Amino acid sequence: MSALTGDLILGWDVGGAHLKRAALAPDGTLLSVEMATCPLWQGLDKLDAAMAALSPAAGRSVVTMTGELTDLWPDRATGVAGLSKALAERLGADTLIYAGRAGFIPAADAPDHAGDVASANWHATAAALARMCGQGVLVDIGSTTTDIIRFAGAEVCFAGYTDAERMEAGELVYSGAARTPVMALAATLPFRGRQVPLMAEHFATTADVHRLTGELPEGADLHPAADGGEKTREASARRLLRMVGRDLGPCSLAEVEALAAFAAEVQLHRLQEALAQVLSTGGVAVDAPLVGAGVGRFLAARLAARTRRPYRDAGEILAADPALTTAAADCAPAVAVARLSFY
């Protein structure tokens, strides 16, 4: 992709594992969406490397973040202050930080609004969708977490704002399509007629599970595998079988595919429980659509079918160009925060 220059709006979603950027023209046209790995817990040099991996682009930056909660910092408030300062140094002193219910603020003011800034990317996506399509339930399933947020009357409806409050309300579930350790899905899984306890080891992730079910999208699994090995069906089978103390060879590929299918079902059931908890709060019509975002939104489509609700892809709402809809849905908070800067 060639360099983007001019009076652009650059929307950034600075996470603890990925960096996402959307570029909008002055008239609001979405021009590009990109994502790079950014293991921020390893140091700010990883942020620099992720930025360098993106195509050159110049413009005014607006930022939402979740990277402040990595253990690079001792607490979230320190992380907000440190990350906002680092971003202003790299993106320009005019960089604005999205503070959710407090709106956009200068990067220098972020420490005074740490509670609003921290992990507010879900609010950005829901707020943009609320303005663009009125009513629905955002189900943003990323590589690591799932956000389930109601919106109606062009407003975001939430029972909790902080991570702790949102986890209690079912609005934040630490279960994603790629990076979640399989041992976090369940205590046991069925295998050869028995409920087998899972080893408490980081042998396999949900990327392995969904690769074996055939549902993992291209580009959804950007970080190294649990064992640093290949990302093939056979390699995923070997990793997943380790969770039940088995090996490929003595066990067949068909057996491990069945194991993966059940693991995927367990994950989907957990997400459906959280969705039911959120929907029980009320505030949206029974026919309001589920709006799927994130690299794991194939699961959101299945949730819509199970709850008999219409399904809409966030990319089709956030991007007018069909060539950008997939990337826009994968990186919804980056596109959303850029769009919100026009309101």
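Cut-off values and rules
Residues numbered from 1 in each chain as written. Predicted model: local features only at pLDDT ≥ 70, side-chain atom pairs only at ≥ 80, totals over all residues. Heavy atoms only, no water. Core = buried A, V, L, I, M, F, W, Y, C linked by side-chain atoms within 4.5 Å. Buried < 20%, exposed > 50% of the residue type's maximum accessible area, 1.4 Å probe, protein only. Helix = DSSP H or I, 4+ residues; strand = E, 2+ residues; numbered from the N terminus. Contact = heavy atoms within 4.5 Å. Patch = residues over 30% accessible without salt bridge, like charges linked within 9 Å, V, L, I, M, F, W, Y side chains within 5 Å. Areas by Shrake-Rupley, 256 points an atom, 1.4 Å probe, with all protein chains shown as cover. Salt bridge = Lys/Arg side-chain N within 4 Å of Asp/Glu carboxyl O. Axes fitted to C-alpha atoms, helices over the stretch in contact; angles between N-to-C directions. Parallel < 35°, antiparallel > 145°, perpendicular 65-115°, else oblique. Left-handed = near helix turned anticlockwise from the far one by under 90°. Nonpolar A, V, L, I, M, F, W, Y, C, P; charged D, E, K, R; others polar. Phe/Tyr/Trp six-rings, centres within 6.5 Å; stacked < 30°, edge-to-face > 60°. Lys NZ or Arg CZ within 6 Å of the ring centre and 35° of its normal. Expected span 1.5 Å × (residues − 1). Polar contact = N/O pair within 3.5 Å; in protein donor to acceptor, adjacent residues only side chain to side chain.

What follows covers the nonpolar core. Grouped together as the largest cluster of nonpolar side chains are 36 residues, with contacts concentrated most on Ala22, Leu30, Tyr98, Leu129, Leu138, Leu318 and Val335. At the level of secondary structure, the elements contributing two or more residues to this core comprise strand E2 (18–24), strand E3 (30–37), helix H4 (121–133), strand E8 (146–152), strand E13 (290–293), helix H10 (314–318) and helix H12 (332–340). Discounting chain neighbours no more than four positions away, the residues touching valine 335 are Ala22, Leu30, Val33, Leu318 and Ala328. Grouped together as the second largest cluster of nonpolar side chains are 29 residues, Val63, Ala110, Val117 and Ala118 included.

Here we take up a nonpolar patch on the surface. A cluster of nonpolar side chains, namely Leu69, Met167 and Tyr174, defines an oily patch on the protein surface of about 280 Å² accessible area. Here tyrosine 174 shows up in the loop between strand E10 (172–173) and strand E11 (188–191). When its relative accessible area of 45% is taken as the criterion, tyrosine 174 is described as partly exposed.

Backbone geometry places arginine 192, a non-glycine residue, at a positive phi of 50 degrees. Tracing the backbone through its elements, the reader meets arginine 192 in the loop between E11 and strand E12 (194–197). Judged by its relative accessible area of 44%, arginine 192 falls in the partly exposed class. Even without a glycine there, the phi angle at arginine 308 is positive, about 55 degrees.

At their nearest, the axes of helix H7 (residues 233–242) and helix H8 (residues 253–279) sit 10 Å apart, and the two run at 70 degrees to each other. Relative to H8, the element H7 lies roughly perpendicular. Once H7 is placed against H8, the crossing between them reads as left-handed. Where H7 abuts H8, its residues Arg233, Ala237, Leu240 and Leu241 lie against Leu253, Val256, Glu257, Leu259 and Ala260. Each residue belonging to the contact of H7 with H8 can be placed in one class, and the counts come to 7 nonpolar, no polar and 2 charged.

Turning next to the packing of aromatic side chains. Remark: the centre distance and the inter-plane angle together describe each pair of aromatic rings, the angle taken between the planes. One pass over the full model with this rule turns up 4 aromatic pairs. With 5.4 Å between their ring centres and 65 degrees between their planes, tryptophan 122 and tyrosine 161 make a pair best called edge-to-face. With tryptophan 122 in helix H4 and tyrosine 161 in the loop between strand E9 (155–157) and helix H5 (163–169), the pair connects residues that are 39 residues apart, well separated along the chain. Per residue, the accessibility class of tryptophan 122 equals that of tyrosine 161, and both read buried. Members of the aromatic cluster, joined through ring pairs, are Trp122, Phe158 and Tyr161. When the ring centre of tyrosine 161 is taken as reference, the NZ or CZ atom of arginine 101 above it lies at 3.8 Å. Of note, arginine 131 hangs over the ring of tyrosine 343, and the distance from its end group to the ring centre comes to 4.5 Å.

A word on helix H2 (residues 76–91). Compared with an ideal rise of 1.5 Å per residue, which puts 16 residues at 22 Å, H2 spans 21 Å between its outermost C-alpha atoms and is within 8% of the ideal. The N-terminus of H2 is capped by aspartate 75, whose side-chain oxygen sits 3.3 Å from the backbone nitrogen of alanine 77. Looking one or two places after H2, you find glycine 92, whose phi comes out positive at around 120 degrees.

With respect to the secondary-structure elements, methionine 199 resides in the loop between E12 and helix H6 (206–213). Note on methionine 199: relative accessible area 37%, which makes it partly exposed. C-alpha of methionine 199 to C-alpha of alanine 88: the two residues are 111 residues apart in sequence and 44 Å apart in space. Those residues within four positions of methionine 199 in sequence are excluded, and the remaining contacts are Met183, Arg242, Met243 and Gly245.

That is the geometry; function is a separate question.
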